[in-house]
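Summary of the model geometry
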Amino acid sequence: MWSDIIHEFSDSPSQSRVVRFLLENGFGVREDGRISCNGIEVPATAVAKAIGSDRRVVDSTARHILDRPMLREIFLNMRATPDLSRVAEKLGYTVITVLPRDANEKGIVGAAVRVLTEHNLSIRQIFVTDPQLSEEPKLVIIIEDSLPTGTIEAVRALPQVKQVII
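Residues numbered from 1 in each chain as written. Predicted model: local features only at pLDDT ≥ 70, side-chain atom pairs only at ≥ 80, totals over all residues. Heavy atoms only, no water.

What to know about the nonpolar core
Judged by nonpolar contacts, the single largest core of 26 residues is most densely connected at Leu22, Val29, Ile35, Ile65 and Phe75. For this core, the elements supplying multiple residues, two or more each, are α1 (2-8), α2 (13-25), β2 (35-37), α3 (44-51), α4 (55-67) and α5 (69-76). If you look at the next biggest cluster of nonpolar residues, it comprises 16 residues, including Ile96, Ile108, Ile152 and Val164. (Core = buried A, V, L, I, M, F, W, Y, C linked by side-chain atoms within 4.5 Å. Buried < 20%, exposed > 50% of the residue type's maximum accessible area, 1.4 Å probe, protein only. Helix = DSSP H or I, 4+ residues; strand = E, 2+ residues; numbered from the N terminus.)

Examining the sheet that holds β2
In space, the 3 strands of this open sheet follow the order β1-β2-β3, with antiparallel pairing throughout. Bordering the open sheet on either side are β1 (28-29) and β3 (40-41), each of which pairs with just one other strand. Here β1 runs beside β2; their pairing, made up of 2 bridges, is antiparallel. Considered in β2, the bridge of Gly28 is made with Ser36. (Pairing = 2+ DSSP bridges.)

Looking at α3
Considered for burial, the residues of α3 that qualify are Ala44, Val47, Ala48 and Ile51. Relative to the axis of α3, the buried residues are bounded by an arc of 100° and lie together on one face. Opposite the buried face of α3, by more than 90 degrees, sit the exposed residues Lys49 and Ala50. Tucked into the core, α3 has its buried residues touching α2, β2 and α4. (Arc of directions from axis to C-beta. Contact = heavy atoms within 4.5 Å.)

Shown next, in the form of structure tokens:
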């Protein structure tokens, strides 16, 4: 589905950058054509500045989205979720970042979660960057406690894992 969205903008590299930015950040488009994050308006100028573009490109991308029924339904309902990884240390949590050998392979999340549950760890949050939207897809797992001995080695030993970062 993501590739269909990106393909919709393939004839306009500038609009493609806008839509990719919206998807990566969980930004939506309101009925009035304004960019939003969980219902809060995000000025087109701020989006344009973040991607090195122009406000008019952001506005025309939003109109393009609203003109296409499939895109309209997706972006009217897009929601952002808080990323605890940047504040995990302050909360006493541990962040495990897993870089996969092949992000399109099935079972990566399940295998990593299985290892963590075998070590009796409580998972607070998991998120995965989509391989079609990210140049470096990854699995990020935030756990409540410090890691028991052998946990990271067990995650690293998974056949799907290229690298683990703590």
